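Geometric and topological summary
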Amino acid sequence: MVYHSSFVDVEGITKACGCPLLPLKSHIKGPAPVSDQDRTDIVDEAITFFRANVFFRNFDIKSSADKLLIYLTFYINVALKRLEGCRTLAEGTKAIINLGLENVPVPGESGFPFPRLFALPQSKKEAELFRNYLKQIREETSGRLLSVAYRPNGTPNKWWLAFAKRKFMNIIVP
């Protein structure tokens, strides 16, 4: 049984490309609304559910927040693949920063991993809003992922990095 997002009926949330721009506990500048620090956000859910959800080839979508959960699960898989060869937290941080500097494609552009999952942007403004949100949420996820992929002493956590070998939804990670 796949784990779904708890953000089922979120009212008053802006959407872009059929995806809700959910609040984040983030200090990173971007279009996401700010969430309370003591509340669980979509990044917490993605990291918590990753090790269970990565085993599934199919993911039935129960809410639009599940689309974001799918995207983040794939992104965590990509990030772990980049961290796989990094033996220290410093090397891992450098790899994650380089991943964050890469272009973030949106639906309709080449390189977007789920072309039919999200709606195509209706305008250039919507495309830029979604791109900026994805960039912000990827940066936030990367920072939090480093804290679980590496132990406090800076050595890799094999119980996390072993999941770099998994293919989520049978998609090959670049």
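Provided above is the structure to which this section pertains.
Before going into details, it helps to say that this report is about the structure given with it. (Residues numbered from 1 in each chain as written. Predicted model: local features only at pLDDT ≥ 70, side-chain atom pairs only at ≥ 80, totals over all residues. Heavy atoms only, no water.)

Some remarks on the overall build of the protein chain
- Looking only at helices and strands, one finds five helices and two strands in the protein chain.
- In the protein chain, the order of α-helices and β-strands from amino to carboxyl end is β-β-α-α-α-α-α.
- Here the protein chain has a C-alpha radius of gyration of 15 Å; the compact-globule value for 174 residues is 16 Å, and the two agree.
- A principal-axis box enclosing the C-alpha atoms of the protein chain has dimensions of 45 × 35 × 30 Å.
- Out of the 174 residues in the protein chain, the part that is buried amounts to 49%.
- Partitioning the contacts of the protein chain with sequence separation of at least 6, the portion at a separation of at least 24 is 71%.
- As displayed, the protein chain offers around 9,200 Å² of accessible surface, 54% of which is attributable to carbon and sulfur atoms.
- For the protein chain, the distance from the average site of its 24 positive side-chain charges to the average site of its 17 negative ones is 8 Å. (Helix = DSSP H or I, 4+ residues; strand = E, 2+ residues; numbered from the N terminus. Rg over C-alpha atoms; globule rule 2.2 N^0.38 Å. Buried < 20%, exposed > 50% of the residue type's maximum accessible area, 1.4 Å probe, protein only. Contact = heavy atoms within 4.5 Å. Areas by Shrake-Rupley, 256 points an atom, 1.4 Å probe, with all protein chains shown as cover. Lys, Arg positive; Asp, Glu negative; His and termini not counted. Charge placed at Lys NZ, Arg CZ, Asp CG, Glu CD.)

Overview of the environment of E91
- With respect to the secondary-structure elements, E91 resides in helix α3 (residues 89–100).
- E91 sits in the partly exposed class, given a relative accessible area of 39%.
- Linking E91 and F163, residues 72 residues apart in sequence, is a C-alpha distance of 18 Å.
- Among residues more than four places away in sequence, those in contact with E91 are G85 and C86.

Overview of the pattern of salt bridges
- For the coordinates displayed, the defined rule picks out eight salt bridges.
- Note that R144 is salt-bridged to D41, the shortest N-O span being 2.8 Å. One end of the pair, R144, is in helix α4 (residues 124–149); the other, D41, is in the loop between β2 (19–20) and α1 (42–53), and 103 residues separate them in sequence. An identical accessibility class is assigned to R144 and D41; each is buried. (Salt bridge = Lys/Arg side-chain N within 4 Å of Asp/Glu carboxyl O.)

Brief notes about the nonpolar core
- Core analysis: the largest hydrophobic core is formed by 53 residues, its most contacted members being I42, L80, L83, F130, Y133 and I137.
- Only α1, α2 (64–83), α3, α4 and α5 (158–161) provide two or more residues apiece to this core.
- No other element matches α2, which puts 13 residues into this core. (Core = buried A, V, L, I, M, F, W, Y, C linked by side-chain atoms within 4.5 Å.)

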